[in-house]
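The chain contents come next:
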Amino acid sequence: MGTSQHRLDILIAGKLSGHLDEAGEAELQTLLQRYPERAAELAVLQQYWHVPKVEEAPPAAAFDRMMAVALTDASPAKKIIRLRQHWLKWGAAALVAGLIVSLFYLPYNRPAQLITTADGERRNFRLPDGSIIHLNGGSRLTSHMDAHRRELWLEGEAYFEVAPDAARPFTVHAADMHIRALGTAFNVKAYPEEGRCETTLLQGAVEVYADKAPAGKIRLRPYEKIAFISKTGKTDMAPLQPISVKQPAAVADSALQETAWLNNRLQFDAMNFEELARLLQRWYGIRIEFRNEKVKQYIFSGSFAGESVMQALHALQVTEDFQADSSGNLITIY
Amino acid sequence: MGEAELKSAWMLVCQDDDQPSFRMLFDFFYSRLVLFAADVAGSREAAEEVVSDVFVQLWKNRKTAGIKQLKTYLYTAVRHRCYNYVRDGRRHQVLPLEAAASAAAPVLPALEWKELQQQLDDAMTQLSPQGRTIFRMIREEGFKYKEVAAILDISPRTVETQLVRAINRLQQVLRQAGSEVRP
């Protein structure tokens, strides 16, 4: 009784907010027959739900005030140039002073910045210090830079090309792992739902340490990768030996699985379908649901580049037997 | 403004730097975003500042940000900025007391629809800030549970729970109103 009333609450919420599918609708109608007084309430609720909202116009000046700020060009590079022109009039000494001021204050003392990507989206951008970052889908990166340090917090996956600056260490914090870069290029993968955090080094050197053992720093050499497995917040320190991912070869690493995403290639090796589905969701910005437990355990290896998600799934269907239906953003696999 | 109008206005802003379209978008979103931000940032002034800042950034980054879902982007950006605002402590947070409970609600023999509606509105303003935000986003902006979850960085389950709670509150109001009418 209590539970069916609660179920009814959920169904009513679903009905009002437009979340009910056919089965839900049928269940709702059956339950409403048992509780006719709730049917009457629902009718009133529906009427209330659809009362049009009173549109409130913003104060007339609000847009103009905002636009005045938006049109002042305050990108750092232009600021420096403007400062220079200004200082030129005051002679060489002042110019030097002006440059020092602009160099120290403009690019460094910035508040923390947050950059995020949605599933299926990849972004490249340059930090104020000149470092370049490629951010993979479904990720968030917070950066904080000042005159003494460059610190970043990552959830998801990113590839870093760090601008050398010995005076300001470049540190990436991802899950339980901390990576200190020493002028270098490396990839970090730390999606919270995967319970695993990986760093792969391509050039230069990095030092990696875990929350649990700040003293136990591990230095990676190029083409080495280290992975931490964290289970429910605990760091399992088992695989602490770095493993080599490839013999050092050409710098163009289009064949390396860890950084294939940079070339818009999705690569996977002996991965079960459940994990692969997570990858596909992030890659294509879609949702995948399984209706068949057995299918989740299929193992696939391969790589996709320009395929659409359905083309990719058709390619997988060649090796294993499963069905895939898509409706809108949702793909059902069984 | 429908989904298609929003999209084409935003396209004009991106491609042609069209200020009239930008104004349309601003006018359309401003009040609802301020309402949304006020629950997180704690005051109306803070909310207005945050929303203006977000539009400033939106204009500046219109070419580079590659925004596809403008509506979701705006809500997410406003939320992040509110947290930064609160974290940076630019102002001390004074959370307004919830509107005093309408203890002295008029007991009328027959409740007009308008009055009932007012009571329901009042009940919604007395929800927890999160519950209120979620209720508004779903009812007034037509967001789905998952979209709300993504914007607020909570689980879709929490969104559903909060919505069910809000609707339960509405039903209580209806029952009270009903018991006042009938005897």
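Residues numbered from 1 in each chain as written. Chains lettered and ligands numbered in written order. Predicted model: local features only at pLDDT ≥ 70, side-chain atom pairs only at ≥ 80, totals over all residues.

## Here's the deal with the interface of chain B and chain A
Reports of interface size often rely on the accessible area that becomes lost once the parts have come together.
Thinking step 1. Listed by partner, the interface residues are 26 residues for chain B and 24 residues for chain A.
Thinking step 2. If you list the elements that add at least two residues to the side of chain B that touches chain A, you get helix H2 (19–41), helix H3 (44–60), helix H5 (113–125), helix H6 (129–139) and helix H8 (156–181) of chain B.
Thinking step 3. Sorting elements by how many residues they give to the side of chain B that touches chain A places H8 of chain B first, with eight residues.
Thinking step 4. Grouping the amino acids of the side of chain B that touches chain A by side-chain chemistry returns 13 nonpolar, six polar and seven charged. (Contact = placed C-beta atoms within 7 Å. Helix = DSSP H or I, 4+ residues; strand = E, 2+ residues; numbered from the N terminus. Nonpolar A, V, L, I, M, F, W, Y, C, P; charged D, E, K, R; others polar.)

## Here's the deal with the confidence of the model for chain B
All names here are of chain B.
Thinking step 1. When pLDDT is averaged along chain B, the result is 79; 83% of the residues meet or exceed 70.
Thinking step 2. Low confidence marks residues 91–111, where pLDDT is under 50. Its contacts with residues over four positions away, or in another chain, come to 18 contacts.
Thinking step 3. Prediction confidence for the complex, expressed as pTM and ipTM, is 0.44 and 0.73 respectively. (pLDDT = per-residue confidence, 0-100.)

## Points about the packing of helix H4 (residues 60–71) of chain A against H2 of chain B
Thinking step 1. In the contact formed by H4 of chain A and H2 of chain B, the axes pass within 11 Å of each other and the chain directions differ by 120°. Taken as axis vectors, H4 of chain A and H2 of chain B run oblique relative to one another. H2 of chain B is crossed by H4 of chain A, and the crossing has right-handed handedness. Residue-level contacts link Ala62, Phe63 and Met66 of chain A of H4 of chain A to Arg23, Phe26, Asp27 and Tyr30 of chain B of H2 of chain B. (Axes fitted to C-alpha atoms, helices over the stretch in contact; angles between N-to-C directions. Parallel < 35°, antiparallel > 145°, perpendicular 65-115°, else oblique. Left-handed = near helix turned anticlockwise from the far one by under 90°.)

## Re the confidence of the model for chain A
All names here are of chain A.
Thinking step 1. When pLDDT is averaged along chain A, the result is 75, and 76% of the positions lie at 70 or above.
Thinking step 2. Segment residues 101–110: pLDDT under 50, and 16 contacts once partners within four positions in sequence are set aside and those in other chains are kept.
Thinking step 3. Scored below 50 in pLDDT, residues 232–241 makes 14 contacts in the model with residues more than four places away or belonging to other chains.

## Considering the environment of Arg168 of chain A
Residue and element names in this part refer to chain A.
Thinking step 1. Locating Arg168 in the fold gives a position in the loop between strand S5 (150–161) and strand S6 (170–174).
Thinking step 2. Given 17 C-beta atoms within 10 Å, Arg168 falls into the partly exposed group.
Thinking step 3. Note: C-alpha distance between Arg168 and Arg150 (18 residues apart in sequence) is 6.1 Å.
Thinking step 4. Once residues lying within four places of it in the same chain are set aside, the contact partners of Arg168 are His148, Arg149 and Arg150. (Buried ≥ 20, exposed ≤ 12 C-beta atoms within 10 Å, placed from the backbone.)

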